[in-house]
Amino acid sequence: MINPGLLKHRITLLKPSAPERDGMGGYKPTVYTETETVSAMQRDKTSTHRQVVGDYVTVNTCYFVCRDFTGRLDVSTNWRIRYKGYDYIINSIVLLDYKLPRYVELEATRI
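Description of the structure in this document. (Residues numbered from 1 in each chain as written. Predicted model: local features only at pLDDT ≥ 70, side-chain atom pairs only at ≥ 80, totals over all residues. Heavy atoms only, no water.)

1. Thoughts on the pairing of strand E2 (residues 32-44)
Using the following cut-off: Any two strands with at least two DSSP bridges between them are considered paired. Per the convention used, a helix needs a DSSP run of H or I reaching at least four residues, while a strand needs a run of E reaching at least two, with both numbered from the N terminus.
The sheet contact formed by strand E1 (residues 9-16) and E2 spans eight bridges and is antiparallel. Across the sheet, His-9 pairs through a bridge with Ala-40, a residue of E2. Inspection of the sheet shows E2 paired to strand E5 (residues 61-68) by five bridges, in the antiparallel sense. Residue pairing across strands places Arg-43 opposite Tyr-63, the latter belonging to E5.

Listed below in structure tokens is the structure:
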């Protein structure tokens, strides 16, 4: 059980559009639409480094824990999160509690 006072941040879940052919052998760019805004607890993961084109860059990864009262929060790893004006790619989803209200931990990396 998580203290509800810790869920003080607001995140917006962004759902991707269905893949659509562009008529030239490829796909149109994915459009993300806002589906739901939920309260969440945010905590930073320790800073990690990733090698990009022979150089190391810092990757901003954090965890968001949100509460699902209805059991209908249907998030997938191809969704995105918008938090404080930045978009995040969801890396992993962990269900922390099976009974209602469910708690879901989303690990996400800032784009």
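That covers the picture; the talk isn't over yet.
2. Details of the environment of Asp-97
Under the convention used in this document: Partly exposed residues are those whose accessible area sits between 20% and 50% of the maximum for their type, while under 20% is buried and over 50% is exposed, using a 1.4 Å probe and protein chains only. In this description, contact between two residues means that some pair of their heavy atoms is separated by no more than 4.5 Å.
On the secondary structure map, Asp-97 appears in the loop between strand E7 (86-95) and strand E8 (102-110). In this structure Asp-97 comes out as partly exposed when scored by relative accessible area, which is 22%. The sequence separation of Asp-97 and Arg-67 amounts to 30 residues, and the corresponding C-alpha distance is 9.7 Å. What Asp-97 contacts, discounting residues up to four positions off in sequence, is Arg-102 and Tyr-103.

3. Overview of the side chain of Thr-109
Note the threshold: As used in this structure description, the phrase polar contact means that two N or O atoms lie within 3.5 Å; if the pair is within protein, one of them must be able to donate a hydrogen and the other to accept it, and residues adjacent in sequence are counted only when both atoms belong to side chains.
Looking at the secondary structure, you find Thr-109 in strand E8. For Thr-109, a relative accessible area of 12% puts it in the buried group. A distance of 3.3 Å separates a polar atom in the side chain of Thr-109 from a polar atom in the side chain of Thr-61. Looking at Thr-109, its side chain comes within polar contact range of the side chain of Asn-91, at 2.6 Å. Not counting the four nearest positions on each side in its chain, Thr-109 is found in contact with Val-59, Asn-60, Thr-61, Asp-87, Tyr-88, Ile-89 and Asn-91.

4. A closer look at the packing of aromatic side chains
Note the cut-off: Here the aromatic set is Phe, Tyr and Trp, taking the six-membered ring for Trp, and pairing holds for ring centres within 6.5 Å; pairs whose planes are under 30 degrees apart are stacked, those over 60 apart are edge-to-face, and all others are tilted. Here, a charge over a ring means that NZ of Lys or CZ of Arg falls within 6 Å of the ring centre while also lying within 35 degrees of the ring normal.
Under the defined criterion, the tally for this structure stands at three aromatic pairs. Between Phe-64 and Tyr-83, the ring centres sit 5.2 Å apart and the planes meet at 75 degrees, which makes this aromatic pair edge-to-face. One end of the pair, Phe-64, is in strand E5; the other, Tyr-83, is in strand E6 (residues 80-83), and 19 residues separate them in sequence. Per residue, the accessibility class of Phe-64 equals that of Tyr-83, and both read buried. Each ring, one from Tyr-83 and one from Tyr-88, has its centre 6.4 Å from the other, and the planes form 50 degrees; the classification is tilted. Grouping aromatic residues by their ring pairs yields a cluster made of Phe-64, Tyr-83 and Tyr-88. Positioned above the aromatic ring of Tyr-27, the side-chain terminus of Arg-21 is 4.7 Å from the ring centre. The lysine or arginine in question, Arg-110, covers the ring of Tyr-86, its NZ or CZ lying 4.1 Å from the ring centre.

5. Thoughts on unusual backbone geometry
In the Ramachandran plot, Lys-84 falls in the positive-phi region, its phi being about 55 degrees despite a non-glycine side chain. With respect to the secondary-structure elements, Lys-84 resides in the loop between E6 and E7. Here Lys-84 falls in the exposed class, since its relative accessible area comes to 64%.

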